[in-house]
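Summary of structural features
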Amino acid sequence: MSTPSAPATSATEEVAHAAVDLSTSIGSFHLPAPTMTASGCAAAGAELAPYLDLSALGAVVTKSVLREPRSGRATPRMAETPSGMLNSIGLQGPGIDAFLEHDLPVLAQAGARVVVSIAGGDPEEFGELAGRLAALGPDSPVGAIEVNISCPNVANRGLVFACDPGASRAVLEAVSGAVASAASASGHPALPVLAKLSPDVTDLVAVARACTDGGATGLTAINTTLGMVIDPVTLRPQLAGVTGGTSGPAIRPIAVRCIWQLTAAKRAGVLPDVPVVGAGGVASGADALQLIAVGACAVQVGTATFADPSAPARVARELEAELARRGVARLADVIGIAHEPGRGPR
Amino acid sequence: MSSPVSWPAGVQEAAEVVSARPVGAYTHLVLRAPEAARRAQPGQFVACGTGDSGMLLRRSLSLHAADPEAGTLEVVVAAAGPGTRLLAAKRPGDVVSTTAPLGRPFPLPAPGTPAVVIGGGYGAAPLPWLARVLTTGGSRVVGIVGAASADRLLGTSAVDDATALDGIADAVVVTTDDGSLGAPGRVTDALPEVLLELSELGEPAVYACGPMPMLRSVHTTTREVLGERAQTWLAVEESMACGVGVCMTCVLPVVDLDDDDTPTRMLRACTAGPVFDGDALRWDAIGAAPHLRGGALVPDDAVGAPVVGRAGGH
Ligand SMILES: Cc1cc2nc3c(=O)[nH]c(=O)nc-3n(C[C@H](O)[C@H](O)[C@H](O)COP(=O)(O)OP(=O)(O)OC[C@H]3O[C@@H](n4cnc5c(N)ncnc54)[C@H](O)[C@@H]3O)c2cc1C
Ligand SMILES: Cc1cc2nc3c(=O)[nH]c(=O)nc-3n(C[C@H](O)[C@H](O)[C@H](O)COP(=O)(O)O)c2cc1C
Ligand code: FES
């Protein structure tokens, strides 16, 4: 993790503020800044308000919301690993009714743009949640829906949707169908729908393609990757949930590889040209720039927030300094630049 | 920045180590964190970075003291694993990244309420500060500090004057499991007598900080000795990834005592705690699976508990 040295950083930042256009967009959803929180790493979002200005973030991505309240799993729910951690939370949350009644108004009040992450046990649950969110209309702070397909499919022995192109497509069809009918009923543009991909698949592009075929208008890559830790004393799994999702800088190379593959597939015409939001191990502006260089148009900051609750805002400032130092005037100029040998700043 | 959350929020400060000295088996650190020092109250904690870039997560430490004039926070660190080993090895001039003060402080009783403050091992760290606040409020305060052995004691002048309850509490009882200092036995062996003595002055308030089995035993003993009387305030030590309420790793099953339906919810120890009413903790689910060291199960009747056959997600 970077520990910014005060005088040098603030000098660079001042130059950067004047110089770099950091705005970006995900379809019709315009973001003044390219960093977001990551789902499950900022709770409802309000928790971070004492540490950063929620309205200055690109967006707040909420903890995945389900139809019903959910207690989550037993504890221990986490284990620290080298440059990362495992978590096994079990989607603890209040359910969509309480989310809409209590959590969303607080984010609206704070002036935040919101990406609501949704999860469910079957496509119908996803569709219902998307319909409720899409019906809120353009006055709500919700700018996009992120579909957490890395959750278990009740109909298929709990195999996660994201590991099965057919199941992923079915979820995205339910979500995009609900979003489209809300849009045609209201006459407002449809909410962008991001499918959040798992790296734990053999053919990432095939799953991504199934999602866009199902109606996803964007992709988020990546969710956590499955891991396990054995307690040195009991020699049993340390997490109550046995396995957990690995996150943090340890998985950054996997995120960079996945975003590279998706972008390469778009450039080859194998995948439609949808925006990709990057996530995985971002703790600094330099980290964010890696994900952007391989094709991410915006970046989520997850686990780094646990160590530094101001991280999502700090990463944007550091990214600005990284770009300014390279003489880059617009973030848009470096998105996917790693795919273009010979182009770009030196 | 105004806070839309209902719990005390911390501030982030790069805190210089002002002093570091051994106290028994522990290290007493004084950290310069002026903003946190202005706001802190007994029972709150500080989340400290270890300084190792490969060790992402902060370590939570109870505040031993806060001095608003000097702008300092004090902690007592037990070198348990790799992160606390690094913290215990900090030297004056080192800088520790801090977020503090976090969590809800010990609730204070009506002025003059007799109180017992109990600490196990480094769990005694917040007690002298708490005892000072209680005696200032007119409480008679008895301290009980215990540990497995003398070198793991804290809070008694037999180990160290600067971190001791002596001279602050009206009386201090010391216990060690091996009898190497004070009375042989556990803190809860000494508790009944103290409770009975204090209850002659009024219904006592019980404050405890230490490992979960000790907290359970403090709660059980208090109920055995005084029935439904006496409120127990227990500062828990759950495994925390963030300390600021965003990760949901630190939850405990807690009953809502203010609601007639008394529903149980998995509440975050870092924002709803670390101090809980002993009657609100679901002791049947805490520590119920021995292979999950320090873990808690989700009671079947908890809000949103898994329905048989329904799989979870992460
Ligand atoms: C509210 C609170 C107050 C505390 N006060 C003190 C204190 O005053 N003095 C002191 O020495 N210790 C205190 N602890 C315990 C201390 O935080 C842990 O011993 C420490 O986090 C373990 O880190 P490690 O590097 O030694 O172990 P590791 O096993 O390497 O820790 C790995 C990860 O698990 C977390 N973790 C592991 N055990 C615990 C635990 N018992 N509690 C919380 N997180 C844990 C760590 O934060 C870290 O993220 C307190 C804990 C809490 C929650
Ligand atoms: C504690 C924790 C909880 C998470 N919960 C969710 C979740 O509810 N929904 C989801 O889509 N991703 C969830 N994630 C995954 C993150 O959003 C992110 O994709 C992943 O952690 C990689 O990014 P990072 O390395 O920056 O954390 C969670 C991650 C962590 C660490
Ligand atoms: S430690 Fe993260 S929510 Fe409590």
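Since this is a predicted model, take the numbers as computed values, not measurements.

Right, let's get into the overall build of chain B. Counting its secondary structure elements, chain B contains 5 helices and 16 strands. What you see for chain B is a C-alpha radius of gyration of 19 Å, in line with the 20 Å of a compact globule of 314 residues. Over its C-alpha atoms, taken along the principal directions, chain B stretches across nearly 55 × 50 × 40 Å. The buried share of chain B, taken over its 314 residues, is 57%. Within chain B, residue pairs in contact and separated by at least 24 positions form 69% of the contacts whose partners lie at least 6 positions apart. For chain B, the exposed surface amounts to about 12300 Å²; the carbon and sulfur share of it is 51%.

With that out of the way, let us pick up a nonpolar patch on the surface. All names here are of chain A. A contiguous nonpolar patch, built from M228, I230, L235 and V242 and spanning about 390 Å² of accessible area, is present on the exposed surface. Within the element layout of this structure, I230 appears in the loop between β11 (225–227) and β12 (244–247). According to the relative accessible area criterion, I230 is partly exposed, its value standing at 45%.

This brings us to the pairing of strand β13 (residues 231–235) of chain B. All names here are of chain B. Along β13, 4 of the 5 residues are buried, which leaves the element largely enclosed by surrounding structure. The pairing of strand β12 (residues 205–209) with β13 spans 5 bridges and is classified as parallel. The residue of β13 that forms the bridge with V206 is T232. Running through helix α5 (residues 212–226), the crossover from β12 to the neighbouring parallel element β13 is right-handed. In this sheet, strand β16 (residues 275–277) lies alongside β13 in antiparallel orientation, the contact comprising 3 bridges. Across the sheet, residue W233 finds its bridge partner in β16, namely D277.

Once that is clear, we can look at the site of ligand 1. B:S60, B:A78, B:G81, B:G83 and B:T84 are the nearest of the 24 residues found near ligand 1. More than a single chain frames ligand 1: its nearby residues are located in chains A and B. At 2.6 Å, a backbone N or O of B:G81 approaches an oxygen atom of ligand 1. Contact distances for ligand 1 include 2.6 Å between an oxygen atom and a backbone N or O atom of B:G83. Every element with two or more residues in the shell around ligand 1 is listed here: β5 (78–81) of chain A together with β4 (59–62), β6 (72–77) and α2 (82–88) of chain B.

Moving on, we get to the nonpolar core. The biggest cluster of nonpolar side chains holds 136 residues, and the ones touching the most others in it are A:L219 and B:I118. The residues contacting A:L219, other than those within four sequence positions of it, are A:L194, A:A195, A:L197, A:A208, A:C211, A:T212, A:L262, A:L271, A:V274, A:P275, A:V276 and A:V277.

Further remarks concern the pairing of strand β10 (residues 218–221) of chain A. All names here are of chain A. Side-chain alternation along β10 places G218 and T220 on one buried face and L219 and A221 on a second face that is also buried. Sheet topology note: the strand β9 (residues 193–197)/β10 ladder contains 4 bridges and is parallel. Bridge pairing in β10 places L194 opposite G218. A crossover links β9 with its parallel partner β10, the connecting element being helix α5 (residues 204–213), and its sense is right-handed. Pairing of β10 with strand β13 (residues 276–279), which is carried by 3 bridges, proceeds in the parallel orientation. Opposite A221, over in β13, you have G278 as the bridge partner.

This paragraph deals with the packing of helix α4 (residues 187–198) of chain B against α5(B). All names here are of chain B. At a minimum axis separation of 10 Å, α4 and α5 run at an interaxial angle of 35°. In this structure, α4 meets α5 at a crossing whose hand is right-handed. Contacts between α4 and α5 pair V187, T188, L191, P192, L195 and L196 from the former with M214, S217, V218, T221, T222, V225 and L226 from the latter. Tallied by class, residues from the contact of α4 with α5 come to 9 nonpolar, 4 polar and no charged.

Okay, the UniProt feature "domain: Dihydroorotate dehydrogenase catalytic" (unreviewed entry) in chain A next. The UniProt entry lists residues 22–323 of chain A under the feature "domain: Dihydroorotate dehydrogenase catalytic" (unreviewed entry), expressed in the numbering used here. Segment residues 22–323 of chain A splits into 33% helix and 18% strand. End C-alpha atoms: 9 Å apart.

The next thing to look at is the interface of chain B and chain A. Across the boundary between the two partners, chain B contributes 48 residues, which contact 57 residues of chain A. With both chains or domains summed, chain B and chain A bury close to 4300 Å², and 60% of this area falls on carbon and sulfur atoms. Inspection of the region where chain B meets chain A yields 3 salt bridges. At the boundary of chain B with chain A, the tally comes to 15 residue pairs in polar contact (both at pLDDT 80 or more). Elements supplying a minimum of two residues to the side of chain B that touches chain A: β1 (11–23), β7 (95–102) and β15 (264–268) of chain B. Of the residues contributing to the side of chain B that touches chain A, the split by class is 27 nonpolar, 15 polar and 6 charged.

Next up on the list: helix α2 (residues 96–109) of chain A. Residue and element names in this part refer to chain A. Taking 1.5 Å per residue, 14 residues should reach 20 Å; α2 reaches 19 Å between its end C-alpha atoms and fits that length. At D103, α2 is bent by approximately 35°, the largest bend along its length, and proline P105 sits one to four residues beyond. Listed in full, the buried residues belonging to α2 are I96, F99, L100, L104 and L107. Residues of α2 that are buried make contact with β4 (60–61), β7 (114–118), α3 (123–134) and β8 (142–148). Positive backbone phi, approximately 75°, marks G111, located one or two places after α2.

What follows covers unusual backbone geometry. With omega at 5°, the peptide bond leading from A:T75 into A:P76 counts as cis. Here A:P76 shows up in the loop between β4 and β5. That bond from B:A100 to B:P101 is cis: its omega, -10°, falls within 30 degrees of zero. By the secondary structure assignment, B:P101 is in strand β7. Residue A:S83 is not a glycine yet carries a positive backbone phi of 55°. Overall, A:S83 belongs to the partly exposed group, its relative accessible area being 26%. Although it is not a glycine, A:V242 sits at a positive phi angle of roughly 70°. You can see A:V242 is positioned in the loop between β11 and β12.

What counts, and at which threshold
Residues numbered from 1 in each chain as written. Chains lettered and ligands numbered in written order. Predicted model: local features only at pLDDT ≥ 70, side-chain atom pairs only at ≥ 80, totals over all residues. Heavy atoms only, no water. Helix = DSSP H or I, 4+ residues; strand = E, 2+ residues; numbered from the N terminus. Rg over C-alpha atoms; globule rule 2.2 N^0.38 Å. Buried < 20%, exposed > 50% of the residue type's maximum accessible area, 1.4 Å probe, protein only. Contact = heavy atoms within 4.5 Å. Areas by Shrake-Rupley, 256 points an atom, 1.4 Å probe, with all protein chains shown as cover. Patch = residues over 30% accessible without salt bridge, like charges linked within 9 Å, V, L, I, M, F, W, Y side chains within 5 Å. Salt bridge = Lys/Arg side-chain N within 4 Å of Asp/Glu carboxyl O. Pairing = 2+ DSSP bridges. Right-handed = clockwise from strand over helix to strand, strands pointing away. Near = heavy atom within 4 Å. Polar contact = N/O pair within 3.5 Å; in protein donor to acceptor, adjacent residues only side chain to side chain. Core = buried A, V, L, I, M, F, W, Y, C linked by side-chain atoms within 4.5 Å. Axes fitted to C-alpha atoms, helices over the stretch in contact; angles between N-to-C directions. Left-handed = near helix turned anticlockwise from the far one by under 90°. Nonpolar A, V, L, I, M, F, W, Y, C, P; charged D, E, K, R; others polar. UniProt positions renumbered as here; feature names shortened; annotations may be inferred. Buried area = accessible area lost by both parts, 1.4 Å probe. Expected span 1.5 Å × (residues − 1). Bend = angle between axes of the 7 residues up to and from the residue.

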